[in-house]
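Each chain is listed here by its residues.
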Amino acid sequence: MKYRTIGTDPAHRREVSVLALGAMLFGSLTDEKTSFAVLDRYVEAGGNFIDTSDNYAFWTDGGQGGHSEELLGRWRRSRGVGDEIVIATKLGARPLAPGTSYTDNPEGLSAKVIREAAERSRDRLGTEKLGLLYAHIDDPTVPQRETVEAFGELVAEGTVGLLGVSNQAVWRVERARALAAAAGLPGYEVLQYQHSHLRPRSDVPSDLFPDGTLGHAGPELLGYLRAEPALTLVAYSPLLAGAYVRADKPLPPDYDHPGTPARLAVLREIARETGATVNQVVLAWQIGAELPVVPLAGASSVAQLEENLAAVDLELTGDQRARLDAAH
C-alpha cells in the first residue's frame, strides 16, 4: 500500500492509504458477512481510509440510513479496531423522515444538526472521535458562518479531527474556508467530488442541482486544487458503478457526448498494453496524477477489492499518462 497525508495541522493530519474504501452499501445491499470480509482484506492489504455517511443507504429501504455506520461500528468492535483506521463520515443529507430524501427533506447544516448528527455518528461507529467529517451537501438556508463555527467547535472539543466538504459550488467552499481562516478556526481540507477518467456533462439539471451538477470535479474545482496544494481531492464513483466494464451497467446519460468514445478508446488501449483492467488503469491514472487524487472505490466482493488494490502498484509511463490526459 502507498500513503498520502491529508490535513495540515500536526494535531489532526493523517497518513491515509492512496485508495479509500467506500462502505456505502455495507449493511444494506452488501450483507454483513461479505462486508466484514471486504473490510478485513482491505486492512490486511494496508488500507486505512474508509468512507461512509449518516444517510447510507436510506434509499434501499425508504428509511433514514445509518446502515453503513452501524455495520462499521459492529466490525470495529468485533475486530478491536481503533483510530489507526481513519473512518470518514458525512452529515447534512440524512432525510428527516422515512420516505423522504435529501432533495426534499434534508437534515441540513445548522449548528444544532451538526452537533447532534456528529454525536449520533460517533455512537453508531463506536468511536469517541471522527477522523474526518464532511458537509455532505450544501445548505443555503443556514448562514455559512454558523456552519463553519459549528464544525470548528467539534474540532476544538476533540470529537472531530479533519473537516471536509462535498457537492458544493467552489465559491461556497472558498467562502467557508475564508470565514474559518478569518475566525482562526479549522476549515475544510478534504474535498470529495465525483471524478473519473470520463468527463460528464456539467449542464444537466437535477433535483439537487437545478443549474447543472456541482458534484463533479470539473475544471474550476481542479484549478482551485492546483492553487491550494494543501487540499486533498477524494474522488467518489471513480469506476462509475461498474459501467466501464459491465454490459449490464450502461454509462449514465451525463456521459453521452462526443468526447466519451475517444477517452474510452485510449483507456482500453492502455489496458491492453499494461495487461491491466480498464478499472485498474482509471485508478492508477488518478493515484499517480500530477494533481494527486485519492480514489474512493466501493466493493461488493473481495474479488472486486483485489482488482482495485492491484491498481495501487500499476505504474503508467509518461507517454501513457499523456495519452490518457489528452484524449477528448
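Residue positions are given per chain, counted from 1 along the sequence in the order it is written. Residues qualify for local features only when their pLDDT is at least 70, as the model is predicted, and side-chain atom pairs are given and counted only at 80 or more; totals for whole chains, interfaces and linings, by contrast, use all residues. Side-chain calculation: all heavy atoms of the structure are included, whereas hydrogens and water are not.

> Explain empty space enclosed by the protein to me, and be specific about the residues and the numbers.
The rule is simple: put a 1 Å grid over the protein atoms alone, call a set of points where a 1.4 Å probe fits but cannot get out a cavity, call an open set with protein on both sides within 12 Å along at least five of seven lines a pocket, and count a residue as lining if it has an atom within 4 Å of a point. Grid points are joined across faces, edges and corners, and a volume is the space filled by probe spheres set on the points. Following the criterion strictly, the structure yields 2 cavities of 30 Å³ or more and no others. Roughly 60 Å³ of internal volume is contained in the largest cavity. As for the largest cavity, its lining consists of L109, D138, D139, V142, Q144, T147, V148, Q168, R172, A176 and Y188. For the lining of the largest cavity, the secondary-structure elements that each account for two or more residues are α4 (144–157) and α5 (170–182). Only DSSP runs of H or I with at least four residues qualify as helices, and only runs of E with at least two residues qualify as strands; both kinds are numbered from the N terminus onward. Ranked by the residues each element gives to the lining of the largest cavity, the list is headed by α4, at 3 residues. Just so you know the grouping, Ala, Val, Leu, Ile, Met, Phe, Trp, Tyr, Cys and Pro go in nonpolar, Asp, Glu, Lys and Arg go in charged, and all remaining residues, Gly too, go in polar. Of the residues assigned to the lining of the largest cavity, the class counts are 5 nonpolar, 3 polar and 3 charged. Looking at the second largest cavity, its volume works out to about 50 Å³.

> Before we move on, can you summarise the environment of P250 with the specific residues and values?
As for its placement among the helices and strands, P250 is situated in the loop between β9 (232–236) and α7 (260–274). Relative accessibility thresholds used throughout: buried, under 20% of the residue-type maximum; exposed, over 50%; partly exposed, between the two (1.4 Å probe, protein chains only). On the basis of relative accessibility, which here comes to 64%, the residue P250 falls in the exposed class.

> Residues and numbers for the pattern of salt bridges, please.
Here, a salt bridge means any Lys or Arg side-chain nitrogen found within 4 Å of an Asp or Glu carboxyl oxygen. For the structure on display, the rule yields 18 salt bridges. Residue E32 is joined to R74 by a salt bridge in which the shortest nitrogen-to-oxygen separation is 2.8 Å. Of this pair, E32 sits in helix α1 (residues 32–44) while R74 sits in helix α2 (residues 67–79); the two residues are 42 residues apart in sequence, bridging distant segments of the chain. Residue class for E32 comes out partly exposed when judged on its relative accessible area of 33%. Under the relative-accessibility criterion, R74 is labelled partly exposed at 33%. What emerges from the salt-bridge pattern is a single network uniting E269, E273, D319 and R323.

> Any chance you could break down the packing of α7 against helix α8 (residues 278–287) for me, citing the residues and the numbers?
Fitted lines through C-alpha atoms serve as axes, helices being fitted only where they are in contact, and the angles separating the N-to-C directions of these axes extend from 0 to 180 degrees. Here α7 crosses α8 at 100 degrees, and the two axes come no closer than 9 Å. With respect to their mutual orientation, α7 and α8 come out roughly perpendicular. Contacts from R263, L267, R268, I270, A271 and T274 in α7 reach V278, V281, V282 and W285 in α8. Any angle from 65 to 115 degrees is called roughly perpendicular, while one under 35 is roughly parallel, one over 145 is roughly antiparallel, and all others are oblique. Residue contacts are counted whenever heavy atoms from the two residues lie within 4.5 Å of one another.

> Which residues make up the pairing of strand β5 (residues 86–91), and what are the values?
With 6 of 6 residues buried, β5 is to be regarded as a mostly interior element. Sheet topology places strand β4 (residues 49–51) next to β5; 3 bridges connect them, and they run parallel. For I50, the partnering residue across the bridge sits in β5 and is I87. Assignment of crossover handedness uses the view with strands pointing away from the viewer, where a clockwise path from the first strand over the helix to the second indicates a right-handed crossover. In this fold, the crossover linking β4 to β5 by way of α2 has right-handed handedness. Should DSSP find at least two bridges between two strands, the strands are regarded as paired. Both β5 and strand β6 (residues 130–135) contribute to a ladder of 4 bridges, which runs parallel. What sits directly across from T89, in β6, is L133. Taking the sense of rotation as the criterion, the β-α-β connection linking β5, helix α3 (residues 111–125) and β6 turns out right-handed.

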